[in-house]
Each structure stands twice: as structure tokens, then as C-alpha cells.
Amino acid sequence: MIKGIIFDLDGTLLNTIDDIADSVNAVLERHGLPTHTVEEYKMFVGSGAKILIERALGNNTDNELFKTVFDEYIEYYGKHREDKTAPYAGVPEMLGKLKGKYRLGVLSNKPHADTVPMVAAHFGDGLFDLVYGQRDGIPRKPDPTVVYGMINDMGLTVDEVMYVGDSENDILTANNAGCRACCVLWGFRTYEQMKNVGKCDFFARTADEVIKAAEA
């Protein structure tokens, strides 16, 4: 029986892609570098901010340029992360139905300094039991280290937890941890892109289908 649910953030709870794309492109333009489309950014995200900037820079491997662009992106995004970002349709209502029935957590590869305030801004301070973003020195998804810690802090076991996300890293995180995996299809990946990634127990096309997945 599922007693706890851990959610990814970007592409799962919040549609953040426009603000991410706008922020990276603003910094790239500042340095006279090629920009990218929103569709391209959907494939760049999911592995953390450093990998995002590596992918945006493409074949440019200049270490000094990377550090400059990365630092400027972190600063710019911190000021513009709420310009267009909003929860996906049905997500706040879905979370309201889950609250009280399940222990709830958020685990994102987005920097911790962005993850915590964004979750609070859109969902309040008391909805989730645990909220973690990427922190220096701690393995990022799909490494299951933080998932194990969250499950322990929830007082649960791996077979009592479902991990919900939209990307390859999310399914692999669930698989690596031994949790039930639920892939949402309203985020940054399509069913065709995700159908053969690891072992996915459920595909959710609407927010209410996440509830059904937890109850199955």
C-alpha cells in the first residue's frame, strides 16, 4: 500500500520551461552566443542547472565561459523564475486531495535555493513534508541517495512510496530506489519518448490519474 508520494518539480508540478528558456537565452544573448527554442530546452532540463548550461553551450567547452554563463544564469533566473511559471492544470487540486492521506515530498534537480521558495510560493509552506532541490556535494537524480533519506524521514519503506515525474531521470530514480514509478505526460516529455525508459508502473495523462496510481 502506498503511504508516501515524492514529486519531481519542473514539468511535473510546475510549468517552468518558459522562464528557464528566457533566462538562459538572455545570458547567451548577452555574450553573443546562439539561443535555443523552448522545445530544445525541454530536452536540456532535468539533470540540474550545470548540465542545463552545458547543453545550452553545446560544443563550447571554455571553462571560464561556462562559469560566467552559469553564474549569470543563476542570478538572472533567481530574479525571473516566477515571470511565467505556474502549476499545471489540476495539480493544486490533486495535491489537496492527497494531503492528509499520504506523506508528500518534492525532490528536484533544480538548485535547492530555487526549489524551496518556488514550492512555498505556489503551494504554501505546509503542504509537503519534505522539499529538496539539488545541493552541492549530494548526488543528483537518478541517484537514489536522497530518495532513501526522504523515505526514512517519512518513516516508510521503499515499497510504500511512489515517485512521480515527467522525465527519464524520474523513472530511473524510482527504479534505482525500488519505488513505484508514475510518469506524467503533461510535462517536458511525450509518451513516445518515455514508453521504453526503465520500468514505469503508471502513465498519468491528468492530475487525477496520479491519485488513481497511488490507490492502485
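For the structure given in this document, a descriptive report is provided here. These numbers come from a predicted model, not from an experiment. (Residues numbered from 1 in each chain as written. Predicted model: local features only at pLDDT ≥ 70, side-chain atom pairs only at ≥ 80, totals over all residues. Heavy atoms only, no water.)

The side-chain alternation of strand β1 (residues 4-7) yields two buried faces, one formed by Gly4 and Ile6 and the other by Ile5 and Phe7. Both β1 and strand β4 (residues 103-111) contribute to a ladder of 4 bridges, which runs parallel. Each bridged residue has a counterpart across the sheet, and for Ile6 the counterpart in β4 is Gly105. Examined bridge by bridge, β1 and strand β6 (residues 161-165) share 4 bridges and lie parallel to one another. (Buried < 20%, exposed > 50% of the residue type's maximum accessible area, 1.4 Å probe, protein only. Helix = DSSP H or I, 4+ residues; strand = E, 2+ residues; numbered from the N terminus. Pairing = 2+ DSSP bridges.)

This part is about unusual backbone geometry. Cis geometry is found at the peptide bond from Lys141 to Pro142, where omega equals 15 degrees. In this fold, Pro142 is placed in the loop between β5 (130-134) and α7 (145-154).

Looking now at the sheet that holds strand β8 (residues 202-204). Spatially, the 6 strands line up as an open sheet ordered β5-β4-β1-β6-β7-β8, and their pairing is parallel. Of all strands in the sheet, those bounded by a partner on one side alone are β5 and β8. On average, each strand axis in the sheet is inclined to that of its neighbour by 20 degrees, with strand direction left out of account. Sitting on the sheet, helix α8 (residues 168-177) touches β4, β6 and β7 (180-184), and the angle it makes with β7 is about 170 degrees. (Axes fitted to C-alpha atoms, helices over the stretch in contact; angles between N-to-C directions. Contact = heavy atoms within 4.5 Å.)

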